[in-house]
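Summary of structural features
Residues per chain, in single letters:
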Amino acid sequence: MPETRILFKHIDVPGIDRIDVYEQHGGYQSLRKAVLDMTPESVAQEVMTSNLRGRGGAGFPTGRKWSFLPKDGRTRYLVCNADESEPGTCKDQELIYKNPHLLIEGVAASAYAIGAEDAFIYLRGEFKVGYAILERAIAEARAKGYVGDDVLGSGRRIEITLYLGAGAYICGEETALLNSLEGKRGQPRLKPPFPATAGLYGMPTVVNNVETLAAVVPILEMGGAEYSKLGSEKSAGTKLFSVSGTVRNPGNFEVELNKVTLRELVYDLAGGPLEGREIKGIIPGGSSVPILTPDKFDVALDYESLAAAGTMLGSGGVIVLDDHSCIVKSTLRLMEFYRHESCGFCTPCREGTMWLDQVLERIEAGLGRPGDLEMLADLCVNIEGRTFCPLGDAAIGVLKSGLELYHEEYQAHIDQGCCPLGEVVR
Amino acid sequence: MITLTVDDREVQVQPGTLIIDAAKAVGIEIPVFCYHPRMDPAAACRMCLVRVEKMPKLMPACATPVSEGMVVHTDTDEVQKAHAGVLEFLLANHPLDCPICDKGGECELQDNSIAYGPRATRFADSKRHLDKARALGPIVELDQERCIQCTRCIRFMDEVAGDPVLTVHDRGGHAVIDTAENRTFDSIFSGNTIEICPVGALTSRPFRFKARPWDLDEVDSVCPHCPVGCNIKLSVRHGEVKRILSRDSEEIDWGWICDRGRFGYGFLKHGERLEQPMLRKDGKLAPVSWDEAVSVLRERMQGNSGALGGGRHSLEAAYLLRRFLDQVGTKNVDHRVLPLYSAIAPGPVGRIDDVNDADLLISLDVELLEEAPVLALRMREFQRKRGLRIVSVSPRRGLLDMPHQEAQTPDVAATLRAIAQGEGDIGQEFLAAQKVLLLWNGRSEDVFSAIGAAVAARSGETATLVAGSLANSFGAQAAGLLPKDGGLDARGMLEAAAAGQLDALLVIGHDILSEFPDAELAAQAIEKVPFLAVAGTVPSETTGRADLVLPLAAWAESDGHFVNMEGRAQPYAAGSDRSPQLVDDWELMARLLGIAPDYEAILAEVQSALAPLFAAERRQGAEAPEGGYRPVPGAAIAGASIYYKGVTPDPFLNSIVPQTRVAVAPDVAEAAGAAEDDEVEVSGLRAALHVDPDLPPGAVLVRAGQEGANHALTRAAEVRALARRSE
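Computed from a prediction, not measured in an experiment: that's the story for all the values here. (Residues numbered from 1 in each chain as written. Chains lettered and ligands numbered in written order. Predicted model: local features only at pLDDT ≥ 70, side-chain atom pairs only at ≥ 80, totals over all residues. Heavy atoms only, no water.)

Residue and element names in this part refer to chain B. If you check the domain split of chain B, you get domain 1 (2-75), domain 2 (127-269), domain 3 (278-341 + 473-614), domain 4 (352-466) and domain 5 (637-723). Taken together, the connections running from domain 2 to domain 4 amount to 1 salt bridge. A salt bridge links R384 to E159, with the nearest nitrogen and oxygen atoms 3.8 Å apart. Where domain 2 packs against domain 4, one counts 5 residue pairs in polar contact (both at pLDDT 80 or more). Looking at the side of domain 2 that touches domain 4, its residues break down into 13 nonpolar, 2 polar and 4 charged. (Domains from an automatic or database assignment. Salt bridge = Lys/Arg side-chain N within 4 Å of Asp/Glu carboxyl O. Polar contact = N/O pair within 3.5 Å; in protein donor to acceptor, adjacent residues only side chain to side chain. Nonpolar A, V, L, I, M, F, W, Y, C, P; charged D, E, K, R; others polar.)

This is the structure:
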């Protein structure tokens, strides 16, 4: 089962991060077509027709998101969410680091489509190298007239501003991102109003993921109708998946949605389990979604199929756990992350992640008590759907499913007072 | 109207109402922590989650507006579990030091735990340990362990006070409230955060560990410090005021008070007080009986006498004083001891809640945070919520701390007249606006008459509030404590006394040596007047030189009424015990008059004689009074100071008052060769220098209460550099 490389088409071309090479491979033709031959409305219509869905995690149709902008003459902003922080996810990073011009072209074309003169790329705090790469690439694009006061002589101004966050997972949530971008504390805003009506600096704003905006380039190249033929009706196009964990060939893979199963992705493209190991579970959409056990591995990789299987496509971060991976330790590792990253604004997330982390740590250390597992499950109930933003739900995704699917392994930690997998845990 | 169902009960409310308020309307209580009815919702604590049919998740009642046909459940098993779950989370790391907590007994965490909490916790791991006594500023101390991160305090400072000095540091379980970098919590509204803190996290230095709330009796009172007249409660234990809380008034204060009002009670029991009547005999003040004191004063006032004061005392006392002066036949009386021309403006008297629906508010030389602080909060709210237009007309810039337009002018009256004639954008707006509120500092006769012209020029509704006076200045003026029929005003009386033409002077509630804006004249008057009687609560330089000293009960020890800037008589009740020799201010006046000190009868008489002050209707404005404050050309500008407007110097407040500096315009500093922080002398007043670019050229500003300020207000203000501190 081969990849379908559209976003990654030129990812391995040497020097593709330089504008000359990018142009030699057809770069900036989509933007040229958009600003010189198309109206903003027709560009937006192509995206609508393409059925592209947001690649950041929630999967909301991009064209519809754009259409929510009120037509009231106020200044509009485009914000690119490059705060890729979901554990297990590193697709945006590869795109930015290797092929920055694809993102810049996608951002510029999208800004044109929604009528924004200013676009911002919000990078996670750890992407310092990516910042430098994008900075140079934007300078190159500006020198060639793809970005600036008069893009390609069209009379349209499109400016792209880079912003490096301070290193907070929560800033991947779009309203927390907007607060951070405004120089405020990175914590989510009360919705409504939604960013489409009151976003950055109170103005109508579209926030899209890196992969989403990059996909606008091939959509304009091949046409929205053609793009929509990729994948399925509801899950159109290709998607980048980051496969990590105990597999032979971890990395990013681009596949057509709905045409590849989870098993094919992990066992074929990612090389399958290490020698002598067996995969016991896969977290398919980043660390926030429920685990799938081997009986579910034949699920097709698309939004609906994964939802039907009780999990989510999410960010496409596929984390593989094998029979040497302790479920308690793996979950504890993730809970440490969520405890650390909870912004502290709302009670269930702030207190809940701290509490869950303490209990998991105790169980992993062999100090679990009878009743701990029931309590963990019940604390998940008291968090799920009760928090201000989705971080609370994200924090318990793996724990809640793990408690059901690997109950015996959890129970064994408590009963035996130690990890049943012993020292082989990696 | 929108119809919805809450727990099977039909509710009709205005569109935009939040579920929590709709439920309250039919008596259904939804528990909260972060929600506060006077602030925007945050939905942070998750205590108020309810089930709304057709919604996928439980919804925060504090942040979810109602919609037509909405069906809300606040008491299902699922909702009860959510409530208990949030409480279990909050209590997991709570120190549970309730036995020594200031909030114990009135704590929302305790109350909600009883009503909605789990009966036991499952938390068996180690609690978080944080700073138990973090001084955020001179008044407020934070117990970070008790804090539940509701952010009411942060949002109060940000939204309501407009001074975002508090913030969250760190995140997740490490999140703590603290001041922003390089800031200390020195807002004059800081105490409100203590009152709205749902737990015992924010505490006040004066009250910390002093009493248990359930031991405190609450007595309704009114703040004695400025003409806003915020409603307050005295919390009393064993006859001693232990703290002051707000008493939410929709029309006046919305439950906010300033720190002067909240913390100025320590002097009652712990400050220096006048304790007994004293009469000067053989050059020395010696104790006398009240009977003797009253009879001496009555006798001495029969001659060519005068009286000063009334703005700091009860309406009842002001009314009876007027009667007494009529009885003895003196026309010389003036409540305007501090810089003031009139406490009542011409035209209809404004109401504080006119701010709610005025289109345009013009502030005439009012330094709002110093003169009427809590009014600023309402103005900010409506500026923020519906863009209330605010214009400041003054020689000074920067007098208001919310977004507004500056109309800087050397002549406020002339500018107001021009506006009234429709000149400029502001003039056009002034004439076109449906409702205009004029806010005035009450100082000058010119502006008084310009206000009259402005009110007459408009066809729409116009009203005026005077901010620059004292708690009962309106009442004193309404009761007739002004010179009439050729009587002398304050300056006239002091000039007459200094010239040896006044036989007796009665001063009530003022230290004229430090307060009357011509200390030299006051000193000469005191020197020459054959008989000086001073009634008040605390000793001062003036009482020290008096021939008769009459100790009065303070407002918290007495029943009475203050009449605020709206002309609204508001009752206050005695909460604190008092020294046996003290008498009520109205009681002293009754004795002078020779009538029975029967409060009920006196109040009935006042209510009948001054009925408009007790009626619900808007009061009518005043005729131009005689006399009043006459600033000397070239003298310093009289700045206001909320910390010096009070009835008394309070030991605690004095310890936190920021050091006052003399402010000068940049050209004045340059001419004097002095820079910021240098020590300077202005007509005898020594202070550090503040160079204020918001002052007009040539201006020197001294604040009320500054030692020696009165000299600077009556002489050409010359700034002399003394010592350099600017390095």
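With that out of the way, let us pick up the packing of aromatic side chains. Taken as a whole, this structure holds 21 aromatic pairs over all chains when the rule is applied. Geometrically, the ring pair formed by Y97 of chain A and F127 of chain A is edge-to-face, given 5.8 Å between the ring centres and 80° between the ring planes. Taken together, the positions of Y97 of chain A in helix 5 (residues 91-98) and F127 of chain A in the loop between strand 2 (118-123) and helix 7 (128-143) put the pair 30 residues apart, joining distant regions of the chain. Taking 5.5 Å as the distance between ring centres and 75° as the angle between the ring planes, the aromatic pair formed by Y341 of chain B and F448 of chain B counts as edge-to-face. Note that Y341 of chain B is positioned in the loop between strand 17 (333-334) and helix 10 (354-357) and F448 of chain B in helix 15 (residues 445-457), a separation of 107 residues in sequence. Summarising the burial analysis for this pair, Y341 of chain B and F448 of chain B share the class buried. Across the ring face of Y303 of chain A, the terminal group of R53 of chain A is positioned such that the distance to the ring centre comes to 4.0 Å. It is K239 of chain A that lies over the ring of F241 of chain A; its NZ or CZ is 5.7 Å from the centre. (Phe/Tyr/Trp six-rings, centres within 6.5 Å; stacked < 30°, edge-to-face > 60°. Helix = DSSP H or I, 4+ residues; strand = E, 2+ residues; numbered from the N terminus. Buried < 20%, exposed > 50% of the residue type's maximum accessible area, 1.4 Å probe, protein only. Lys NZ or Arg CZ within 6 Å of the ring centre and 35° of its normal.)

Moving on to unusual backbone geometry. Residues and elements named next belong to chain A. Of the consecutive residues K191 and P192, the connecting peptide bond is found in the cis state with omega at -5°. Position of P192 relative to the elements: it lies in the loop between helix 8 (174-181) and strand 4 (205-209). For the bond from P192 to P193, the omega torsion is 5°, close enough to zero to count as cis. Even without glycine at this site, N51 takes up a positive phi of about 65°. Here N51 lies in the loop between helix 3 (40-50) and helix 4 (62-67). You can call N51 partly exposed: its relative accessible area is 33%.

This brings us to the interface of chain A and chain B. Taken together, the contact between chain A and chain B spans 33 residues of the former and 35 residues of the latter. For the pair chain A and chain B, the summed buried surface comes to about 2,900 Å²; carbon and sulfur atoms form 52% of the total. Summed over the shared surface of chain A and chain B, the result is 5 salt bridges. In this structure, the salt-bridge partner of E341 of chain A is R171 of chain B, at a minimum N-O distance of 3.0 Å. Run the count over chain A and chain B and you get 19 residue pairs in polar contact (both at pLDDT 80 or more). At the level of elements, helix 13 (327-341), helix 14 (347-364) and helix 15 (372-383) of chain A are the ones that each hand at least two residues to the side of chain A that touches chain B. (Contact = heavy atoms within 4.5 Å. Buried area = accessible area lost by both parts, 1.4 Å probe.)

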